[in-house]
Amino acid sequence: MVDTYRHKGMRKRLVDSIRNKGISNENILSAMNRVPRHLFLDSSFLEFAYDDKPFPIGSGQTISQPYTVAFQTEILDVRKGQKVLEIGSGSGYQACVLEEIGAKVFSIERQKKLYHKTKEFISELGYKVRFFYGDGNKGVPSFAPYDRILITAAAPEISKELIKQLKPGGILVVPLGKTEIQTMIKITKLENGDLKEEEFGVFRFVPLLKNKAND
Ligand code: SAH
């Protein structure tokens, strides 16, 4: 697993292009500058690894577009040392970006093959993300509550269980919608338990699947 000057140069260009698209949080940009995205894709796809595009990663799933990763992370407003739960580990890329920002990351994936592959690969890379296998709609109650919850698949509704696992003052970010197109929603759980909702434009994610995994 090598990260050469060429890869670093390609990565810097990608990060510059994301900055130009409007992401201004330098902590996020420099975190993305440190995660070797090309290692998350099959080596024959090097040329695609640093395009600002989503890409298939097997099991019918995709690694999110880098801009989308940056955008969701920016809305999530993560601080160093916070506990973050990610729903939809996929390739593990987003989880590594969160860890680079200084978060303690917990991530759940419902596709067993992908869960095993990602867990092994991310630990080889040296990250400490804790991966879980299961239905993310139920969260990971054993480590709750979380400061932040990030859903990286399209959710038809907001799981009450996830809201329960969010700390008062915590933030949950979710692409919400029942069709191919979703609205990015930021939910803040106020200290009195009320929820404040804000909308952040339109995105396309693979669907969040309900209940049992299809291994
Ligand atoms: N965050 C990922 C991209 C996620 S793609 C990355 O950085 O690469 C969405 C992921 O959500 C897919 O891997 C899909 O298998 C997973 N997923 C779908 N429904 C789920 C559910 N109910 N619980 C947990 N993961 C789910």
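First things first, this report covers the structure right here in the doc. Note that the structure is a prediction, hence the values are computed from the model and not measured.

1. Re the side chain of Gln-165
Secondary-structure assignment places Gln-165 in the loop between helix H7 (160–164) and strand S7 (166–176). One polar contact links the side chain of Gln-165 to the main-chain amide nitrogen of Val-140, over a distance of 3.0 Å. Those residues within four positions of Gln-165 in sequence are excluded, and the remaining contacts are Leu-85, Lys-138, Gly-139, Val-140, Pro-141, Ala-144, Pro-145, Tyr-146 and Ile-149.

2. Quick word on the site of the ligand
Glu-86, Ser-91, Glu-109, Gly-136 and Leu-209 are the nearest of the 27 residues found near the ligand. The contact in question runs from an oxygen atom of the ligand to an N or O atom on the side chain of Glu-109, over 2.6 Å. Summarising the interface, the protein chains cover 99% of the accessible area of the ligand, which totals 580 Å² for the free molecule. If you list the elements that add at least two residues to the shell around the ligand, you get strand S2 (61–63), helix H5 (93–101) and strand S4 (104–109). The biggest single contributor to the shell around the ligand is S2, with three residues.

3. Re the nonpolar core
Formed by 49 residues in total, the largest nonpolar core has its most connected members in Ile-18, Met-32, Phe-40, Leu-76, Tyr-93, Val-97 and Ile-122. Sequence-distant contacts of Met-32, that is, excluding residues within four places in its chain, are made with Arg-11, Val-15, Ile-18, Pro-66, Val-69, Ala-70, Tyr-93 and Val-97. Within the second largest apolar cluster, 19 residues are counted, among which are Ile-87, Phe-106, Tyr-146 and Ala-155.

4. Re the side chain of Gln-61
On the secondary structure map, Gln-61 appears in strand S2. Residue class for Gln-61 comes out buried when judged on its relative accessible area of 17%. Leaving out residues up to four positions away in the same chain, Gln-61 has contacts with Phe-55, Pro-56, Gln-111, Leu-114 and Val-206.

5. Notes on the environment of Gly-90
Along the chain, Gly-90 falls in the loop between strand S3 (83–87) and H5. The spatial distance from the C-alpha of Gly-90 to the C-alpha of Asp-147 is 21 Å, given a sequence separation of 57 residues. Dropping the residues within four chain positions of it, Gly-90 is found in contact with Ile-57, Glu-109, Leu-114 and Thr-118.

6. Examining the packing of aromatic side chains
By the definition in use, this model includes 13 aromatic pairs. Measuring from ring centre to ring centre gives 5.9 Å for Tyr-115 and Tyr-133, while their planes differ by 40°; the resulting arrangement is tilted. Taken together, the residues span a long stretch of sequence, with Tyr-115 in helix H6 (residues 112–125) and Tyr-133 in strand S5 (residues 130–133) at a distance of 18 residues. Given a relative accessible area of 12%, Tyr-115 falls into the buried group. Here Phe-132 and Phe-143 contribute two aromatic rings whose centre-to-centre distance is 5.6 Å and whose plane-to-plane angle is 55°, an arrangement assigned as tilted. On the criterion of sequence distance, the pair formed by Phe-132 in strand S5 and Phe-143 in the loop between S5 and strand S6 (146–151) is long-range, its members being eleven residues apart. One aromatic cluster is present, built from ring pairs that chain together Tyr-67, Phe-71, Phe-203 and Phe-205. Positioned over the ring face of Tyr-5 is Lys-8, at 5.8 Å from the centre of the ring. Sitting above the plane of the Tyr-146 ring, Lys-83 keeps its charged end 5.4 Å from the centroid.

Rules of the game
- Residues numbered from 1 in each chain as written.
- Predicted model: local features only at pLDDT ≥ 70, side-chain atom pairs only at ≥ 80, totals over all residues.
- Heavy atoms only, no water.
- Helix = DSSP H or I, 4+ residues; strand = E, 2+ residues; numbered from the N terminus.
- Polar contact = N/O pair within 3.5 Å; in protein donor to acceptor, adjacent residues only side chain to side chain.
- Contact = heavy atoms within 4.5 Å.
- Near = heavy atom within 4 Å.
- Areas by Shrake-Rupley, 256 points an atom, 1.4 Å probe, with all protein chains shown as cover.
- Core = buried A, V, L, I, M, F, W, Y, C linked by side-chain atoms within 4.5 Å.
- Buried < 20%, exposed > 50% of the residue type's maximum accessible area, 1.4 Å probe, protein only.
- Phe/Tyr/Trp six-rings, centres within 6.5 Å; stacked < 30°, edge-to-face > 60°.
- Lys NZ or Arg CZ within 6 Å of the ring centre and 35° of its normal.

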